[in-house]
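An overview of the molecular structure
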Amino acid sequence: MNLLAGKRILLGVTGGIAAYKSAELIRRLQDQGADVHVAMTNAATEFITPLTLQALSGHPVHLDLLDTETESVMGHIELARWADLILIAPASANFIARLAQGHGDDLLSTICLAAQCQVAVAPAMNQGMWANQATQLNVSALIAQQITIFGPSEGLQACGEVGEGRLLDIAGIVDLTAATFPNERLRGRKVVITAGPTREAIDPVRYISNHSSGKQGYALAEAAIEAGAEVILISGPTSLTPPERARLIPVTSAREMHTAAMQEATDADIFIGVAAVADFRPIEASDQKIKKDNTGERLTLTLEENPDIIAAVAGLNDGPYTVGFAAETSHVIDHARRKLTRKKLNMIIANDVMDQNIGFNSDQNETTIIWGSQEQTLPIASKRTIATKIVGTIADALPEARQ
Ligand code: PMT
């Protein structure tokens, strides 16, 4: 499980002998799925080179508030907006003092001032400096500003003294970093979602499809991202903008969707089939536009069955927790229950697509979630609200099904 999958962490490195440990910290944060950008103070560059941290993070290191080149790529305000967490490790006594006072006289302090996200500080300094009343008052000021403090730990220091002031061990910093995202119930989970319609070609200009807009599937992708999941959105053609943090795999036909789904589902924790997949496709798509000959003759299309994507995913050995949707026009719950059993799903969401106010292409939906012996009806609400509730129910059901 990647504890920081998809998380954006701005690592601030300040001047102190422990700065060399930031190299290892970058790697361990990345191991947990985080994207790490680095900002260094001038003093930090005396202890470890920006080139080292650039090579490890895979991004240019941010050094100077007034550097027009790096500001034009990602300026300090953009960096502050980009980050889900700003982690200052190691944080020197001097930087802690400046942060406590609200200074904005270099890049890192300015980013911290502009930040809307959580800021965490991992102090590292000589034990006397840490114990000093001025430092302790500054740390109290940071806590009062809702800044989180990681450590420090005790032990032998680089200066030869023994005491409190060592940078917390890297594994401890990574664990505490992950713990700053407590409400994310799907943190570390890979969620694959299919959405929208499929199109089955008749000829180069015509196709068989349906009324799915993708709204319910995209809303689920947003809700899963909000819950901390890494989201893969396999989408048929829609006019929607995908959530920024979803990895979009655009597809057109059911067969393309099937291929993408089977590739992504093998290591997924959760698979949610919201797409309205065409059950049938023309046996052969004409490679030229089919002409009408004005004789009034009938045109017969012969169709063959498409693969049942969600049934194939549910049949995988050690596959993901599999959630289907049932688009029904009558006997909604009965038909949905039958699909749940026939396709061997873990959960199904039934919706009545006869009602114009819900289901296809509307902004709202009304659904019944069915799993195990349980059933829960969600009254009419926006597709986003419904999505949040579905994600919550999946998160509740998940531990029993997949540890
Ligand atoms: O996209 P919107 O406009 O927001 O509308 C939302 C929706 C109505 C499309 C959505 O809420 C919904 O009901 N999606 C499922 C549509 C559907 O195809 O239902 P079904 O009952 O035919 O299929 C049952 C399940 O099998 C679904 O999870 C479907 O994705 C899956 N399936 C179906 C056929 C197939 N060949 N492969 C599949 O994986």
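Because the structure is predicted, anything quoted here is derived from the model rather than measured. (Residues numbered from 1 in each chain as written. Predicted model: local features only at pLDDT ≥ 70, side-chain atom pairs only at ≥ 80, totals over all residues. Heavy atoms only, no water.)

For the protein chain, the helix and strand inventory stands at 14 helices and 19 strands. The principal-axis extents of the C-alpha atoms in the protein chain amount to approximately 95 × 50 × 35 Å. Expressed as a percentage of the 403 residues in the protein chain, the buried residues total 50%. If you take every contact in the protein chain between residues at least 6 apart in sequence, the share linking residues at least 24 apart comes to 67%. Carbon and sulfur atoms form 49% of the exposed surface of the protein chain, whose accessible area is close to 19,500 Å². Treating the 33 positive side-chain charges of the protein chain as one cloud and the 46 negative ones as another, the clouds have centres 7 Å apart. (Helix = DSSP H or I, 4+ residues; strand = E, 2+ residues; numbered from the N terminus. Buried < 20%, exposed > 50% of the residue type's maximum accessible area, 1.4 Å probe, protein only. Contact = heavy atoms within 4.5 Å. Areas by Shrake-Rupley, 256 points an atom, 1.4 Å probe, with all protein chains shown as cover. Lys, Arg positive; Asp, Glu negative; His and termini not counted. Charge placed at Lys NZ, Arg CZ, Asp CG, Glu CD.)

Neighbouring residues of the ligand: 28 residues in total, closest S212, S213, K339, N351 and N361. Separating an oxygen atom of the ligand from a side-chain N or O atom of N351 is a distance of 2.6 Å. In this structure, N361 approaches the ligand through a main-chain N or O atom, which is 2.6 Å from an oxygen atom. Bound to the protein, the ligand loses 95% of the 770 Å² it would expose on its own. (Near = heavy atom within 4 Å. Polar contact = N/O pair within 3.5 Å; in protein donor to acceptor, adjacent residues only side chain to side chain.)

Note on placement: N138 falls in helix α8 (residues 133-144). The contact partners of N138, leaving out residues within four places of it in the chain, are I96, A97, A100 and Q101.

Turning next to the sheet that holds strand β2 (residues 35-40). Spatially, β2-β1-β3-β4-β5 is the arrangement adopted by the 5 strands of the open sheet, whose pairing is parallel. Among the strands making up the open sheet, the edge pair consists of β2 and β5 (148-149). Packing against the sheet, helix α1 (residues 22-31) makes contact with β1 (8-13), β2 and β3 (85-91), and its axis sits at approximately 175° to β1. The sheet contacts of helix α2 (residues 50-57) involve β1 and β2, and relative to β2 the element is tilted by about 170°. (Pairing = 2+ DSSP bridges. Axes fitted to C-alpha atoms, helices over the stretch in contact; angles between N-to-C directions.)

Looking now at the domain arrangement of the protein chain. Domain annotation for the protein chain reports domain 1 (8-179) and domain 2 (190-402). Once you take the C-alpha centre of each, domain 1 and domain 2 turn out to be 44 Å apart. (Domains from an automatic or database assignment.)

Here the focus is the packing of helix α5 (residues 93-101) against α8. Closest axis-to-axis distance for the α5/α8 pair is 9 Å, and the angle between their directions is 45°. When the axes of α5 and α8 are compared, the pair comes out oblique. For the pair α5 and α8, the crossing hand works out as left-handed. Facing A93, I96, A97, L99, A100 and Q101 of α5, the residues of α8 in contact are T135, N138, V139, A141 and L142. Along the lines of polarity and charge, the residues of the contact of α5 with α8 split into 8 nonpolar, 3 polar and no charged. (Parallel < 35°, antiparallel > 145°, perpendicular 65-115°, else oblique. Left-handed = near helix turned anticlockwise from the far one by under 90°. Nonpolar A, V, L, I, M, F, W, Y, C, P; charged D, E, K, R; others polar.)

Now for the layout of surface pockets. Taken as a whole, the largest pocket spans an internal volume of roughly 810 Å³. Elements that contribute at least two residues to the lining of the largest pocket include exactly β8 (190-195), α10 (215-226), β13 (270-273), α12 (309-314), β16 (321-328), α13 (332-342) and β17 (347-352). The dominant element in the lining of the largest pocket, judged by the number of residues it contributes, is β16, at 4 residues. The class makeup of the residues in the lining of the largest pocket is 18 nonpolar, 15 polar and 8 charged. The wall of the second largest pocket is formed by 20 residues, among which I17, A18, M125, Q157 and A158 lie closest to the centre. (1 Å grid on protein atoms, 1.4 Å probe; cavity = no way out; pocket = protein on both sides within 12 Å on 5 of 7 lines; lining within 4 Å. Points joined across faces, edges and corners; volume = space filled by probe spheres on them.)

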